[in-house]
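Below are the chains, spelled out letter by letter.
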Amino acid sequence: MLSIYHDVRSPVHSLPAAVKLPVLLAAGIGLFMIGDAGVLAALLGVVVLGFAAARVPWRLAVRQVGIALPFLLLIVLVQGLVEGWGSALVVGLRILTLLALAGLVTLTTRAEALIDVVERALTPLKPLGVRPERIGMVVLMTIRFVPVLREHADAVRDAQRARGVERSFVFLTPLLVKTLRTADGLAQALDARGVDPGRAARQR
């Protein structure tokens, strides 16, 4: 659920990444320890209020969850058939709340701030061979690629609709080709500039 930064001024935006990421981590653990659907629904309501406080347009907020909605519905359906619909409701609320919170964090926090927190958190692990700079670069590139992949997906869908194809698994082939071409171009650009994450980490 890594997404594009929504650049406005709000109380949520002003919170440092060093606060938001631990909250997201704690939520990722705590939500799965709560089995009461009412409590989970209340927590989801708090996240919705967070979007309002962050002045995020409702269309953008819904889009954060809408991308994963088919997978979420599939999980809920399977859970309902196997464990019962009460359990399915709890599972669905847990995942929905966590996805919404992750979207809120990435919409209100600059990627550079997120990476800085990740690198500082991993610094104590350097003696164990962990390279925070390399991991930070990988995370940053992942964040940057999310909107690019979304644009590719929209372009492929528009092209297929223009040909009269509404829904088809053929959609995956051109999307994969465009993605691989983008990745190859990025690799060539980094190589041309002499960027080596491993070497940069060793020099620090």
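Residues numbered from 1 in each chain as written. Predicted model: local features only at pLDDT ≥ 70, side-chain atom pairs only at ≥ 80, totals over all residues. Heavy atoms only, no water.

Chemist: Would you mind going over the overall build of the protein with me for this structure?
Modeler: If you tally the helices and strands in the protein, you get 10 helices and 0 strands. Secondary structure of the protein in N-to-C order comes out as α-α-α-α-α-α-α-α-α-α. For the protein, with 204 residues in total, the buried portion stands at 30%. Considering only contacts within the protein whose residues lie at least 6 apart along the sequence, 75% involve residues at least 24 apart. When the accessible surface of the protein is split by element, carbon and sulfur atoms take 67% of a total near 12800 Å². (Helix = DSSP H or I, 4+ residues; strand = E, 2+ residues; numbered from the N terminus. Buried < 20%, exposed > 50% of the residue type's maximum accessible area, 1.4 Å probe, protein only. Contact = heavy atoms within 4.5 Å. Areas by Shrake-Rupley, 256 points an atom, 1.4 Å probe, with all protein chains shown as cover.)

Chemist: Just checking my understanding: could you explain the packing of helix α4 (residues 58-66) against helix α6 (residues 85-107) for this structure?
Modeler: As a packed pair, α4 and α6 sit with axes 9 Å apart at the nearest point and diverge in direction by 125°. The angle between the axes of α4 and α6 places the two elements in the oblique class. The way α4 lies across α6 gives a crossing that is right-handed. Two secondary-structure elements touch here, α4 through L60, Q64 and V65 and α6 through L96, A100, G103 and L107. Broken down by class, the residue content of the contact of α4 with α6 amounts to 5 nonpolar, 2 polar and no charged. (Axes fitted to C-alpha atoms, helices over the stretch in contact; angles between N-to-C directions. Parallel < 35°, antiparallel > 145°, perpendicular 65-115°, else oblique. Left-handed = near helix turned anticlockwise from the far one by under 90°. Nonpolar A, V, L, I, M, F, W, Y, C, P; charged D, E, K, R; others polar.)

Chemist: Honestly, the side chain of S10 in this entry has me stumped. Any pointers?
Modeler: Tracing the backbone shows S10 in the segment before α1 (11-14). Taking relative accessible area as the criterion, S10 reaches 10% and is therefore assigned buried. Not counting residues up to four positions away in its chain, the partners in contact with S10 are A53, A54 and R55.

Chemist: Can you walk me through a nonpolar patch on the surface in this structure?
Modeler: On the surface, L74, L77, V78, L81, V82 and W85 cluster together into a nonpolar patch covering about 640 Å² of accessible area. It is helix α5 (residues 69-83) that provides the largest number of residues to the nonpolar patch, a total of 5 residues. Relative to the helices and strands, V82 is located in helix α5. Overall, the relative accessible area of 58% leaves V82 in the exposed class. (Patch = residues over 30% accessible without salt bridge, like charges linked within 9 Å, V, L, I, M, F, W, Y side chains within 5 Å. Salt bridge = Lys/Arg side-chain N within 4 Å of Asp/Glu carboxyl O.)

Chemist: Looking at this model, I keep getting lost on the environment of A121. Mind explaining?
Modeler: Within the fold, A121 resides in helix α7 (residues 111-122). Note: C-alpha distance between A121 and A18 (103 residues apart in sequence) is 9.4 Å.

Chemist: Which parts of the structure should I look at to understand the nonpolar core?
Modeler: Nonpolar side chains in soluble globular proteins tend to end up buried together. Grouped together as the largest cluster of nonpolar side chains are 17 residues, with contacts concentrated most on L40, V47, F51, A54, V56, A100 and L104. With 6 residues, the top contributor of residues to this core is α6. Ignoring sequence-local partners within four residues, the contact set of V47 consists of T97, A100, L101 and L104. Residues A68, L72, V91 and L99 belong to the second largest nonpolar core, which totals 5 residues. (Core = buried A, V, L, I, M, F, W, Y, C linked by side-chain atoms within 4.5 Å.)

Chemist: What exactly am I supposed to notice about the confidence of the model for the protein here?
Modeler: A low pLDDT means the predicted coordinates there should not be read in detail. Looking at the protein as a whole, its pLDDT mean stands at 80, while 78% of the residues score no less than 70. At the low end of the mean pLDDT range in the protein sits helix α10 (residues 197-203), at 43; at the high end sits helix α3 (residues 37-53), at 94. Taken together, the stretch residues 197-204 has pLDDT below 50 and engages in 11 contacts with residues farther than four places along the chain or on a different chain. (pLDDT = per-residue confidence, 0-100.)

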